[in-house]
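The chain contents come next:
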Amino acid sequence: LTTGVNISLHAVQFINSNTGWIAGSNGKIKKSTNGGTSWFNQSINSSENLRRILMIDANTGFICGDSGKILKTTNGGNDWNNTNASGFTENIYAMDFINASTGICVNESRRQFITTNGGVNWISSNMNGVSPLLSIYGIDMADSNTIYAGTGSGFLTSAKVYKSVNFGTSYTASLNEGSNFSSATIK
């Protein structure tokens, strides 16, 4: 498909066979309503790299990216509003929501940002139990308590998958170095 952009695209999500969004470097967001045949620009008035899109439905969605950027739309992307009132500035590489209210964003430095009110407030905390030698690149919420986090391989260690069963209070290794992911990134 031709997107009409010549920048790096980091995120894509379609909610059905016709409607989808792409996002990438320099704050670029585009939407298609015809299966990717054509794309039109959406604007965030920012130049941060955007890393992940997660649309809950045709109207409500979130985007995360560099400099702590977390944006929310409630009108299909016509407007994207900053939800990061906490002022954190770390680059955010992964995000997941289980519904329009409850979600998590993480940065590569093992810091997590959790909301239970649709991004009105974010609680920032360390990912206790995750090795300080690894960076987080993937996150998945299975339910309101269970979270999986994927890492990149470190200088002295292989990539791992961590699991939390208490909504991010603590994590334990679920996939460890014995699985031989010595040069990998698990997203």
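Residues numbered from 1 in each chain as written. Predicted model: local features only at pLDDT ≥ 70, side-chain atom pairs only at ≥ 80, totals over all residues. Heavy atoms only, no water.

Novice: Mind showing me how you'd approach the pairing of strand 14 (residues 147-151) here?
Specialist: It is a general feature of regular strands that their side chains alternate between the two faces of the sheet. Counting buried positions over the five residues of strand 14 gives four, a clear majority of the element. Note: strand 13 (residues 136-141) against strand 14, five bridges, orientation antiparallel. Paired with Asp-140 across the two strands is Tyr-148, which belongs to strand 14. Connecting strand 13 to the next strand, strand 14, in antiparallel fashion are five residues. Inspection of the sheet shows strand 14 paired to strand 15 (residues 161-164) by four bridges, in the antiparallel sense. Each bridged residue has a counterpart across the sheet, and for Ile-147 the counterpart in strand 15 is Ser-164. (Buried < 20%, exposed > 50% of the residue type's maximum accessible area, 1.4 Å probe, protein only. Helix = DSSP H or I, 4+ residues; strand = E, 2+ residues; numbered from the N terminus. Pairing = 2+ DSSP bridges.)

Novice: What am I meant to see in the packing of aromatic side chains here?
Specialist: In this description, a pair of aromatic rings is defined by centroid distance and the angle of the planes. Following the criterion strictly, the structure yields four aromatic pairs and no others. Centroid distance Phe-14 to Trp-39: 6.0 Å. Interplanar angle 80°. Geometry classified as edge-to-face. Separated by 25 residues along the polypeptide, Phe-14 in strand 1 (residues 9-14) and Trp-39 in the loop between strand 3 (29-32) and strand 4 (40-42) bring together distant segments of the chain. On the accessibility criterion, Phe-14 (31% relative accessible area) is partly exposed. (Phe/Tyr/Trp six-rings, centres within 6.5 Å; stacked < 30°, edge-to-face > 60°.)

Novice: Quick question: what am I supposed to make of the nonpolar core here?
Specialist: Nonpolar side chains in soluble globular proteins tend to end up buried together. Residues Ile-104, Val-106, Met-127, Ile-139, Ile-147, Ala-149 and Tyr-171 are the most contacted members of the largest nonpolar core, which totals 15 residues. The set of elements that each furnish at least two residues to this core consists of strand 10 (103-107), strand 13 and strand 14. The element that contributes the greatest number of residues to this core is strand 13, accounting for three residues. Beyond its immediate stretch of four places on either side in the chain, Val-106 contacts Ile-92, Tyr-93, Ala-94, Arg-111, Gln-112, Met-127, Ile-136 and Ile-139. (Core = buried A, V, L, I, M, F, W, Y, C linked by side-chain atoms within 4.5 Å. Contact = heavy atoms within 4.5 Å.)

Any functional reading would require information that these geometric values do not contain.
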